[in-house]
Amino acid sequence: MSQKILLSAKEVNIILHRLACQLIENHLDFSETILIGIQPRGSFLAKRLATILENDYKISNLKLGFLDITFFRDDFRRSDKPFEANKTEIDFIVEDKKVVFIDDVLYTGRSIRSALTAIQSFGRPSEIELLTLIDRRFSRHLPIQPDYRGRQVDAINNEKVLVKWLENDGEDAVLLIEK
Ligand SMILES: O=c1cc[nH]c(=O)[nH]1
């Protein structure tokens with residue numbers, strides 16, 4: 001197994017600030033917006049962006065939720081391994097709001113397809129956008145693209161992109177791992 005650093009902690013930090021600014025451009029004071037981290041790993045990114053928006057750009061009353069998609073995955077019944085479910089926490093009315101899904105890596109698009117189904121139980125948003133730190137190019141199985149992307153990465157199928165977060169993994173970094 002070999003690994004290569006795609007993004008250092010400094011680069012991740014710069015990209016997070018850029019993504020926060022792009023969100024502000026489109027969502028202004030966020031009064032009509034709900035940020036939703038896709039569980040489990042999109043939630044670290046969502047919390048980071050929320051902290052930057054609140055602390056560095058003084059956005060107040062930000063609405064941040066977390067969506068678990070485990071039971072909405074299309075391979076749910078196919079796996080022999082038990083799935084580990086995570087928590088869904090959406091304490092806001094989603095109806096007619098602008099929802100931004102936040103995930104760390106966009107790969108096949110199947111997780112986002114699941115998230116689109118899962119969110120329906122909470123109401124009908126006026127629109128849904130997608131923000132991803134890493135967009136793995138040429139890997140999509142479905143016609144799903146990000147509205148905001150940190151970095152596009154070309155990775156082949158036996159490679160994995162791993163996003164590490166200081167609070168969970170001891171450092172901020174994005175690695176390309178060849179299995
Ligand atoms: O490379 C990939 C693909 C899906 N999810 C990841 O975290 N990395």
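- An unreviewed UniProt entry lists the protein under the name Pyrimidine operon attenuation protein / uracil phosphoribosyltransferase, with Flavobacterium haoranii given as the organism.

## Considerations on the pattern of salt bridges
A side chain of one charge can pair with a side chain of the opposite charge if their charged atoms are brought near each other.
Argument step 1. Counted under the stated rule, the structure contains 10 salt bridges.
Argument step 2. Across the pair Glu 32 and Lys 97 runs a salt bridge whose closest N-O atoms are separated by 3.6 Å. One end of the pair, Glu 32, is in the loop between α1 (9-27) and β2 (33-38); the other, Lys 97, is in the loop between β3 (64-67) and β4 (98-106), with 65 residues separating them in the sequence.
Argument step 3. For Glu 32, a relative accessible area of 41% puts it in the partly exposed group.
Argument step 4. The residue Glu 171 makes a salt bridge to Lys 164 at a minimum N-O spacing of 2.8 Å.

## What to know about the packing of α1 against helix α2 (residues 42-55)
Argument step 1. Contact geometry for α1 and α2: axes closest at 10 Å, N-to-C directions at 70°. With respect to α2, the element α1 is oriented roughly perpendicular. For the pair α1 and α2, the contacting residues are Leu 16, His 17, Leu 19, Ala 20, Leu 23 and Ile 24 in the first and Leu 45, Arg 48, Leu 49, Ile 52 and Leu 53 in the second.
Argument step 2. For the contact of α1 with α2, the per-class residue count stands at nine nonpolar, one polar and one charged.

## Focus on the environment of Lys 4
Argument step 1. Summarising the element assignment, Lys 4 is placed in strand β1 (residues 2-7).
Argument step 2. Sequence separation between Lys 4 and Val 174 is 170 residues, and the spatial gap between their C-alpha atoms is 8.7 Å.
Argument step 3. Not counting chain neighbours up to four residues away, the residues in contact with Lys 4 comprise Val 174, Leu 175 and Leu 176.

## Regarding the site of the ligand
Argument step 1. Neighbouring residues of the ligand: Val 105, Tyr 107, Arg 136, Lys 160 and Val 161.
Argument step 2. Take Lys 160: an N or O atom from its side chain is 3.5 Å from an oxygen atom of the ligand.
Argument step 3. Within the backbone of Val 161, a nitrogen or oxygen atom sits 2.7 Å from a nitrogen atom of the ligand.
Argument step 4. Relative to its unbound accessible area of 240 Å², the ligand is 78% covered by the protein chains.
Argument step 5. Taken together, the residues of the shell around the ligand break down into three nonpolar, no polar and two charged.

## Quick notes on the sheet that holds β4
To summarise the sheet geometry, strands pair through backbone hydrogen bonds and adopt either a parallel or an antiparallel arrangement.
Argument step 1. Overall, parallel pairing links the five strands, which are arranged β3-β2-β4-β5-β6 in an open sheet. On the outer flanks of this sheet lie β3 and β6 (148-153), each paired with one strand and no other. Sheet twist, expressed as the average angle between the axes of neighbouring strands with direction ignored, equals 25°.
Argument step 2. Judged from the four bridges that link them, β2 and β3 form a sheet pairing that is parallel. Paired with Gly 37 across the strands is Phe 66, a residue of β3.
Argument step 3. Sitting on the sheet, α1 is in contact with β2, β4, β5 (127-136) and β6, with an inclination near 140° to β6.
Argument step 4. Packing against the sheet, α2 makes contact with β2, β3, β4 and β5, and its axis sits at approximately 125° to β4.

Rules used in this analysis
- For every chain, the first residue of the written sequence is number 1, and numbering continues from 1 along that sequence.
- Local features in this predicted model are restricted to residues whose pLDDT is 70 or higher, and side-chain atom pairs enter the listing and the counts only when it is 80 or higher, whereas totals over whole chains, interfaces and linings include all residues.
- By convention in this description, side-chain values take in all heavy atoms of the structure and omit both hydrogens and water.
- What makes a salt bridge here is a side-chain nitrogen of Lys or Arg within 4 Å of a carboxyl oxygen of Asp or Glu, nothing more.
- Runs of H or I in DSSP of at least four residues are treated as helices and runs of E of at least two as strands, each being numbered from the N terminus.
- Remark: exposure states derive from per-residue accessible area (1.4 Å probe, protein chains only) relative to the maximum for the residue type, with buried under 20%, exposed over 50%, and partly exposed in between.
- Every angle, taken between N-to-C directions, lies between 0 and 180 degrees, and every axis is a line fitted to C-alpha atoms, over only the stretch in contact when it is a helix.
- When an angle is under 35 degrees it counts as roughly parallel; over 145 it counts as roughly antiparallel; between 65 and 115 it counts as roughly perpendicular; any other value is oblique.
- Throughout, a residue-residue contact means that at least one pair of heavy atoms, one from each residue, lies within 4.5 Å.
- Think of it as three bins: nonpolar holds Ala, Val, Leu, Ile, Met, Phe, Trp, Tyr, Cys and Pro, charged holds Asp, Glu, Lys and Arg, and polar takes everything else, Gly as well.
- Neighbouring residues are identified by heavy atoms, a residue being near a molecule or strand if any of them is within 4 Å of it.
- Between N or O atoms, a polar contact is any pair within 3.5 Å; within protein, one atom must be a potential hydrogen donor and the other a potential acceptor, and residues adjacent in sequence are included only when both atoms are from side chains.
- In short, Shrake-Rupley with a 1.4 Å probe defines the accessible areas, and a residue's cover is counted only from the protein chains shown.
- The rule for pairing is simple: two strands pair if DSSP sees at least two bridges between them.

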